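Summary of the model geometry
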Amino acid sequence: MSDATSQTGTKRAGPSQDDARFQIPFTSIHRVQADGLQVFYRAAGEANAPVVLLLHGFPTSSFMFRGLIPRLAIDYRVIAPDLPGFGFTEVPPERKYPYSFDQLAFTIDAFTQALRIDRYAIYVFDYGAPTGFRLAMAHPDRVTAIVSQNGNAYEEGLGEAWGPIRKYWAAPTAENRDILRQSVLTAGGTRWQYTHGVANPESVSPESYTLDTALLERPGNKEIQLDLFLDYASNVNLYPKFQEYFRNSKPPLLAVWGKNDPFFVPAGAEAFRKDLPSAKVQFLDTGHFALETHVVEIASAMKQFFEANGISSRRGQSTVTQ
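Quick caveat, the model's predicted, so the values are computed rather than measured. (Residues numbered from 1 in each chain as written. Predicted model: local features only at pLDDT ≥ 70, side-chain atom pairs only at ≥ 80, totals over all residues. Heavy atoms only, no water.)

Let's shift gears to unusual backbone geometry. Put simply, Phe58 and Pro59 share a cis peptide bond, and its omega is -5°. Looking at the secondary structure, you find Pro59 in the loop between strand 3 (51-55) and helix 3 (68-72). The phi dihedral of Asp126 falls on the positive side, at around 55°, and the residue is not glycine. Topologically, Asp126 is positioned in the loop between strand 5 (120-124) and helix 5 (128-138). Residue class for Asp126 comes out buried when judged on its relative accessible area of 6%. Located in the positive-phi region is Lys250, a residue other than glycine, with phi close to 50°. In this fold, Lys250 is placed in the loop between helix 10 (221-249) and strand 7 (253-258). Taking the relative accessible area as the measure of exposure, Lys250 reaches 60% and is therefore exposed. (Helix = DSSP H or I, 4+ residues; strand = E, 2+ residues; numbered from the N terminus. Buried < 20%, exposed > 50% of the residue type's maximum accessible area, 1.4 Å probe, protein only.)

What follows is the structure, given as structure tokens:
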């Protein structure tokens, strides 16, 4: 019997209410004009549910949230943009876009305004942290909670893997720039970021670092990344301001951390408690890209954290229009 015959001859029952909770929310892709760019983003969840804004890091894109989005979208409206220079966000050459963290934050602020997002929790990872913390400082009334997954805001959180980049900050020469180009911005360097500190490196899906590598190889992209490496020093200089924001605004904060991360070490997670004594800190036995190995645990921790802080679909007021 062919598939066509089977489908014609058998009447299929529609999903019952009991089955609905097992359905996987659909993740859609969109583009929106913001700050002179075409910002690519992934979205899922009910339009009137509380918004969770997911901000990725280097060298990836919103693709890193492919496993997290459907797990959160049952209860939340989940929005994951690609930062300029990453993923599928398009930056017109005539825009002459300045690749700095101040500008990334400005663009994401414009992105939230374009989608008319007025309140949101933020998930920050790696580069997403200084981007999201700038957003939070600018609009503390909009941020309902912060989930930091290896998203640093303290000097003690910077691991030894920052050594070559620190050298570039101190002496931004062509030689030091080329060292980073040849060591970090390679297929091997990207794969290492995904697999270092993971108990079973073969458990990391190769699509992740393979896609990142392909996008890094686009003409001109490595120069963008090297510019951002240099500008990362501006984030370290802003750490005291980020910490002041934590003390003054007291956002609920969950630090869920891959404890074997060579870039952002566990001390950075613990440090949040200096300024936010009620911060919840959870360590996972994995590396930098914790979602690749522990998405179930992270999604569960986030839901419990949101519920504990009054951010649930039953209470949500945030709205998004497309």
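A few words now on the packing of aromatic side chains. Applying the stated criterion across every chain, the model contains 29 aromatic pairs. Summarising the aromatic geometry, the rings of Tyr239 and Phe242 are spaced 6.3 Å apart at their centres and angled 45° between planes, so their arrangement reads as tilted. Here Phe242 and Tyr239 lie together in helix 10, a separation of 3 residues that amounts to about one turn. The exposure class assigned to Phe242 is buried, which follows from its relative accessible area of 1%. Look at Phe246 and Phe272: their rings are 5.6 Å apart centre to centre, the planes differ by 65°, and that puts the pair in the edge-to-face class. Highlighted residues: Phe246 in helix 10 and Phe272 in helix 11 (residues 266-275), separated in sequence by 26 residues. Residue Phe246 is classed as buried on the basis of its relative accessible area of 0%. An aromatic cluster of at least three residues, connected via ring pairs, comprises Phe58, Phe86, Phe101, Tyr127, Trp162, Trp169, Trp192, Phe229, Tyr232, Phe263 and Phe264. (Phe/Tyr/Trp six-rings, centres within 6.5 Å; stacked < 30°, edge-to-face > 60°.)

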